[in-house]
Amino acid sequence: MTAAPAATAAAPAAGPCAPLHSASADYRAGDTVSHHGRNWSAKWWTRGENPGAGSAWSDRGACTGGVSDFVIGEEEFDAIFPDRDPFYTYQGLIDALHAYPRFANVGTPQTRAREAAAFLTHADFESVGLKYVKEINEANYWRKCDDTQPFGCPAGREAYYGRGPIMFSWNFNYKAAGDALGLDLLNDPWLVERDPSVAWATALWYWNTQNGPGTMTSHDAMVGGAGFGETIRSLNGALECDGGNPGSVTARVERYERITGIVGVAPGAGLTC
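What you are looking at is a predicted structure, and each value in this text was computed from that prediction instead of being measured. (Residues numbered from 1 in each chain as written. Predicted model: local features only at pLDDT ≥ 70, side-chain atom pairs only at ≥ 80, totals over all residues. Heavy atoms only, no water.)

A. Structural view of the nonpolar core. Grouped together as the largest cluster of nonpolar side chains are 63 residues, with contacts concentrated most on F70, L93, F103, F119, L120, W200 and W205. Not counting residues within four places of it along the chain, the set of residues in contact with L120 comprises I72, I80, F81, L93, W200 and I259. If you look at the next biggest cluster of nonpolar residues, it comprises six residues, including Y27, W40, A42 and W57. (Core = buried A, V, L, I, M, F, W, Y, C linked by side-chain atoms within 4.5 Å. Buried < 20%, exposed > 50% of the residue type's maximum accessible area, 1.4 Å probe, protein only. Contact = heavy atoms within 4.5 Å.)

B. Structural context of the UniProt feature "domain: Chitin-binding type-3" (unreviewed entry) in the chain. According to UniProt, the feature "domain: Chitin-binding type-3" (unreviewed entry) maps to residues 18-60 in the numbering used here. Along residues 18-60 one finds 0% helix and 30% strand; the C-alpha atoms at either end are 11 Å apart. (UniProt positions renumbered as here; feature names shortened; annotations may be inferred. Helix = DSSP H or I, 4+ residues; strand = E, 2+ residues; numbered from the N terminus.)

C. Region of the structure containing the domain arrangement of the chain. Domain boundaries assigned for the chain yield domain 1 (16-68) and domain 2 (70-266). Taken together, the 10 residues of domain 1 in the interface contact 10 residues of domain 2. Here domain 1 and domain 2 share an interface that buries about 870 Å² over both sides, 48% of which is from carbon and sulfur atoms. When the buried surface of domain 1 facing domain 2 is broken down by residue, H36, A53 and S68 rank first, second and third, together holding 59% of it. At the boundary of domain 1 and domain 2, one finds zero salt bridges. The interface formed by domain 1 and domain 2 holds four residue pairs in polar contact (both at pLDDT 80 or more) in total. (Domains from an automatic or database assignment. Buried area = accessible area lost by both parts, 1.4 Å probe. Salt bridge = Lys/Arg side-chain N within 4 Å of Asp/Glu carboxyl O. Polar contact = N/O pair within 3.5 Å; in protein donor to acceptor, adjacent residues only side chain to side chain.)

D. Fine view of the sheet that holds strand β2 (residues 32-35). Spatial strand order, β1-β4-β3-β2: four strands in an open sheet with mixed pairing. Two strands bound the open sheet, and with one partner strand each, they are β1 (15-16) and β2. Pairing analysis gives two bridges linking β1 to strand β4 (residues 57-64), with the strands arranged parallel. Paired with G15 across the two strands is C63, which belongs to β4. (Pairing = 2+ DSSP bridges.)

Here's what the structure looks like:
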């Protein structure tokens, strides 16, 4: 996986949540709503544009006491991951959404649901139903330190093993994601296994910003209509696609079809790579 760091500002202190945003309501400049656990103020008249999906809304920061309006609800999340490790909380996922507000927040309701389902499918596959918080093969930990990087491996050569929903690994990814999220993950990679919101945020960083061995981010693949197959390519490229490992591709597609069934949306086109 390759990296492209981007700096973000620290989140403001949380206040009470405004009324939940409605896609069918008209909003005027200054109107405030809550969405994904954050308050947003309209910059001008707007209707049908989800906060964070475009330019009509200003982020006013995290809020408390609201209701989640993520496209996948907690009951669906529980049905998708019935045997998950308690570390992987639904609230942790909701708390991480503010880092990438366009995730599962752009396009039709079907497009948004498919993107969320695709993301959770890969989490399901990589962490075996969210049963693993970190990579279990400790003999491979040292391999995830790339000595050619100028910043090295200050937390130790064995510190950058896979963690979280997509088994996030390598010192250069910890550095880039940490820079993007405003966290010092290079020096404290263990934060990914201590804080569920950080674990989800690292997975969202890769999903929304990195092409990997593919030609587009997984977010762009789902929003642009390329389909689920291109998200496999962005994660593993020739290791699975183009005949690399058809069994693995089939297993991912079957999981995706199961999860879209729970969510109640058709899988869409472009399932394989």
